[in-house]
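# Residue-level structural notes
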Amino acid sequence: AQRVTQPEKLLSVFKGAPVELKCNYSYSGSPELFWYVQYSRQRLQLLLRHISRESIKGFTADLNKGETSFHLKKPFAQEEDSAMYYCALSGGNNDMRFGAGTRLTVKP
Amino acid sequence: EAEVAQSPRYKITEKSQAVAFWCDPISGHATLYWYRQILGQGPELLVQFQDESVVDDSQLPKDRFSAERLKGVDSTLKIQPAELGDSAMYLCASSLAGIRTEAFFGQGTRLTVV
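Let me sum up the structure you'll find in this document.

Cut-offs used in this document
Residues numbered from 1 in each chain as written. Chains lettered and ligands numbered in written order. Predicted model: local features only at pLDDT ≥ 70, side-chain atom pairs only at ≥ 80, totals over all residues. Heavy atoms only, no water. Helix = DSSP H or I, 4+ residues; strand = E, 2+ residues; numbered from the N terminus. Buried < 20%, exposed > 50% of the residue type's maximum accessible area, 1.4 Å probe, protein only. Contact = heavy atoms within 4.5 Å. Pairing = 2+ DSSP bridges. Axes fitted to C-alpha atoms, helices over the stretch in contact; angles between N-to-C directions. Disulfide = S-S within 2.5 Å.

### Brief notes about unusual backbone geometry
Generally, phi is negative for residues other than glycine and the peptide bonds are trans, each holding for most cases. Between B:S7 and B:P8 the backbone carries a cis peptide bond, its omega angle lying at -5°. Tracing the backbone shows B:P8 in the loop between β1 (5–7) and β2 (10–13). Backbone geometry places A:K57, a non-glycine residue, at a positive phi of 55°. Mapped onto the elements of the fold, A:K57 is located in the loop between β6 (45–49) and β7 (60–61). The exposure class assigned to A:K57 is partly exposed, which follows from its relative accessible area of 49%.

Below is the structure:
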């Protein structure tokens, strides 16, 4: 069975500080990992996916198969990054399962 | 820009009543998902359709929940009878056919059972 774990429910940093949101997964096959974000009063939307290997809004995430992790990082947090962040895993039949989410607050 | 549409946005119902939610996915998206999101938790997959067929409904409480996507386009999720513990946000999402494609979400329906 696939499982996504986000150990931190809340994370607070100051503007300009680095931020890392943790995500660990368990899956027997080769997964596709995603980060979704939900800004206040907006719908859930894709932030980035590991296969793209791109930086979106300054965020990056590297898939570490040895540690089964897909942590989200940004070197300099901005106030507009405050949101709910969800890590998600898609398995072989295109199912998409989410972690519990981390609420990031960036303080001025 | 095409979006997933859901209705109603909010629903208040009494326990033991029936309630239904509707979802219209992005045109051309073969995969449709229904999720339940309880306050403070992540979205929980209830059912996944590929066209009109159910791919996964292992987490759907089938004694009271049902879902259909008769023509492989829009979908309805029904609860009968509703219970207090069903109060949650119900999210619909859709994606293109294929392996591990991005899911696009609707605004959700906030259900309150009283």
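### Topic: the environment of A:A17
All names here are of chain A. Counting through the fold element by element, A17 comes out in the loop between β2 (10–14) and β3 (19–21). You can call A17 partly exposed: its relative accessible area is 22%. Residues A17 and A77, spaced 60 residues apart in sequence, show a C-alpha to C-alpha distance of 5.6 Å. With sequence-adjacent residues up to four places away left out, A17 is seen in contact with K74, P75, F76 and A77.

### A few points about the sheet that holds β1(B)
All names here are of chain B. A sheet is described by the order of its strands in space; here 4 strands give the open sequence β1-β3-β8-β7, paired in antiparallel fashion. Strands with a single pairing partner mark the edges of an open sheet, and in this sheet they are β1 and β7 (65–68). Ignoring strand direction, the axes of neighbouring strands in this sheet form an average angle of 15°. Summarising the sheet, β1 and strand β3 (residues 19–24) pair through 3 bridges and their orientation is antiparallel. Following the sheet pairing, A5 is matched in β3 by D24.

### A closer look at the environment of A:L21
For A:L21, the position within the fold is in strand β3. Discounting residues that sit within four places of it in the chain, A:L21 has contacts with A:E8, A:L11, A:W35, A:H71, A:L72, A:Y85, A:T102 and A:L104.

### What about the state of the cysteines?
This structure, assessed with the given rule, holds 2 disulfides over all chains. Shown here is the disulfide that connects A:C23 with A:C87, its sulfur atoms set 2.0 Å apart. Around the S-S axis, the bridge from A:C23 to A:C87 shows a dihedral of about -65° and counts as left-handed. Note that A:C23 is positioned in the loop between β3 and β4 (24–26) and A:C87 in strand β9 (residues 83–90), a separation of 64 residues in sequence. Residue A:C23 shares its accessibility class with A:C87, and that shared class is buried. For B:C23, the disulfide goes to B:C92, at an S-S distance of 1.9 Å. On the S-S bond that ties B:C23 to B:C92, the torsion sits near -70°, and the link is left-handed. Taken as a pair, B:C23 in strand β3 and B:C92 in strand β9 (residues 88–95) lie far apart in primary sequence, 69 residues in all. As far as burial versus exposure is concerned, B:C23 and B:C92 are alike and both buried.

### Comments concerning the pairing of strand β4 (residues 31–37) of chain B
All names here are of chain B. Most of β4 is tucked away: 7 of the 7 residues are buried. Judged by which residues are buried, β4 turns out to be covered on both faces: T31, Y33, Y35 and Q37 on one side and L32, W34 and R36 on the other are all buried. The sheet contact formed by β4 and strand β5 (residues 44–50) spans 6 bridges and is antiparallel. When the sheet's bridge partners are listed, L32 is paired in β5 with F49. As judged from the 7 bridges shared by β4 and β9, these two strands associate in the antiparallel manner. Bridged to Y33 within β9 is A93.

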